Amino acid sequence: MTTTPLTEATVTVEQVAKMIDHALLRPELTVADIRQGCELAAKYQVISVCVRPSDVPLAVEQLAGTGVLVGTVIGFPHGSIATEVKAAETALAVRQGAAEADMVLNIGWLRSGELAEVEADIRAVVEAAGSAPVKVILENAYLTDEQKVAGCQAAERAGAAFVKTSTGFAPSGATLADVVLMRAAVSPHIEIKASGGVKTLDQLLELANAGVTRFGASGTADILDELARRRETAAAPS
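Rules of the game
Sequence positions are assigned chain by chain, starting from 1 and proceeding in written order. Two thresholds apply to this predicted model, a pLDDT of at least 70 for residue-level local features and 80 or more for giving and counting side-chain atom pairs, whereas whole-chain, interface and lining totals are computed over all residues. Note that the side-chain values use all heavy atoms of the structure and ignore hydrogens as well as water. Secondary structure elements follow DSSP: runs of H or I no shorter than four residues count as helices, runs of E no shorter than two count as strands, and numbering proceeds from the N terminus. C-alpha atoms define the radius of gyration in this analysis, and the globule rule sets the expected value at 2.2 Å times the number of residues to the power 0.38. In this scheme, a residue with accessible area under 20% of its type's maximum is buried, one over 50% is exposed, and one in between is partly exposed, where area comes from a 1.4 Å probe on protein chains only. Contacts are assigned to residue pairs with any non-hydrogen atoms lying within 4.5 Å of each other. Methods summary: accessible areas were calculated by the Shrake-Rupley approach with a probe of 1.4 Å, and residue burial reflects only the protein chains presented. Under this rule, positive means Lys or Arg and negative means Asp or Glu; His and the chain ends count for nothing. Charge placement uses NZ in Lys and CZ in Arg. For Asp and Glu, CG and CD serve respectively. Polar contact criterion, stated in full: a pair of N or O atoms within 3.5 Å, where within protein one must be able to donate a hydrogen and the other to accept it, and residues adjacent in sequence count only if both atoms are side-chain atoms. The arc under discussion is defined with respect to the helix axis, by the directions toward the C-beta atoms. Whenever Lys or Arg places a side-chain nitrogen within 4 Å of a carboxyl oxygen from Asp or Glu, that contact is recorded as a salt bridge.

Chemist: Can you explain the overall build of the protein chain? Please cite residues and give values.
Modeler: On a plain count of helices and strands, the protein chain comes out with 10 helices and eight strands. Relative to a compact globule of 238 residues, whose C-alpha radius of gyration would be 18 Å, the protein chain shows 17 Å and is just as compact. Taken along its principal axes, the extent of the C-alpha atoms in the protein chain is 60 × 40 × 30 Å. Put simply, the protein chain has 238 residues, and 50% of those count as buried. Within the protein chain, counting contacts between residues at least 6 apart in sequence, those at least 24 apart form 70% of the total. Element-wise, carbon and sulfur atoms account for 56% of the exposed surface of the protein chain, whose accessible area totals about 10500 Å². On the protein chain, the mean spot of the 20 positive side-chain charges and the mean spot of the 29 negative ones are 2 Å from each other.

Chemist: A description of the side chain of T72 should follow, citing residues and the corresponding values.
Modeler: Counting through the fold element by element, T72 comes out in strand β3 (residues 69-74). Exposure remark for T72: the relative accessible area of 0% places this residue in the buried category. Here the side chain of T72 touches V51 through a polar contact of 2.8 Å, landing on its backbone oxygen. The contacts of T72, once residues within four sequence positions are left out, are C50, V51, R52, P53, V56, A93, A98, E100, A101 and D102.

Chemist: I'd love a proper account of the environment of M182, names of residues and values included.
Modeler: Within the secondary structure layout, M182 lies in helix α8 (residues 176-185). Residue contacts for M182: discarding those within four places in its chain leaves L138, N140, C152, V163, K164, T165 and I192.

Chemist: Give a description of helix α3 (residues 56-63) that names residues and reports values.
Modeler: Taken together, the buried positions of α3 are occupied by V56, L58, A59 and L63. Buried residues of α3 fall within an arc of 160° about the axis and therefore sit on the same side. As for α3, its buried residues are in contact with α2 (31-44), β2 (48-51), β3 and α4 (83-95). One or two positions beyond α3, positive phi appears at G65, with a value near 80°.

Chemist: An account of the pattern of salt bridges is needed here, citing residue identities and associated values.
Modeler: Taken as a whole, this structure holds 19 salt bridges when the rule is applied. Here E100 ties to K135 by a salt bridge, and the two come within 2.7 Å at their closest N and O atoms. Here E100 is found in strand β4 (residues 100-104), whereas its partner K135 is found in strand β5 (residues 134-137), with 35 residues between them in sequence. On the basis of relative accessibility, which here comes to 5%, the residue E100 falls in the buried class.

Chemist: Can you lay out the side chain of K135 for me, pointing to particular residues and giving the numbers?
Modeler: On the accessibility criterion, K135 (1% relative accessible area) is buried. Among the polar contacts listed, one links the side chain of K135 to the side chain of D102, at a separation of 2.9 Å. Excluding its chain neighbours within four sequence positions, the residues that come into contact with K135 are D21, E100, A101, D102, M103, F162, K193 and R214.

This is the structure:
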């Protein structure tokens with residue numbers, strides 16, 4: 001939990017930008033869309049873009065020298081490809097310049113109670129990623145609270161840096177209740193990423209105050225522009 005509540009008055013645009021992974025993951029995005037998304041990420045100085053695996057080389061090229069990291073997704077969006085393929089996908093992405101990896105755990109195995117297999121699947125990706133942090137996507141829309149806790153704890157045991165709510169492609173995304181549950185399920189050094197439906201500044205601040213340190217968002221400009229407007233209004237003479 002954040003000790004000092006984050007509000008539009010206590011957090012800057014630059015600070016919020018460094019909590020956002022700008023998402024460029026929709027299947028229909030063109031090469032031009034990826035280029036434009038990288039330009040937006042550089043303009044707003046978000047912490048990273050999260051692109052489809054095939055777009056990693058392009059994003060690395062586009063963002064060279066900007067300070068914006070490139071992340072990608074592994075086993076996305078269903079999490080059901082073979083562990084060896086997930087590991088190979090991760091290793092390739094890192095070689096191509098990806099600095100972070102957001103992997104989908106095996107949802108079916110987690111729902112089946114196959115926790116040793118879930119943990120081994122995550123560990124293989126963590127090992128393949130080397131020094132690149134791994135964020136483990138649970139896809140909470142399909143899980144019970146008990147399964148969410150078990151998935152978070154398996155991710156921590158396997159060496160993940162983050163646990164993440166959702167892909168953004170399931171029936172529902174990040175919720176306050178899930179974030180509270182996930183924060184309580186793991187050690188303080190494990191970070192929480194919220195993704196899926198985080199479209200407004202107020203949502204972001206609420207979830208940040210519940211313990212989220214990273215957000216996956218495609219409405220990055222809207223969120224950051226809204227914060228800038230509110231801060232300007234508050235600072236204007238009455």
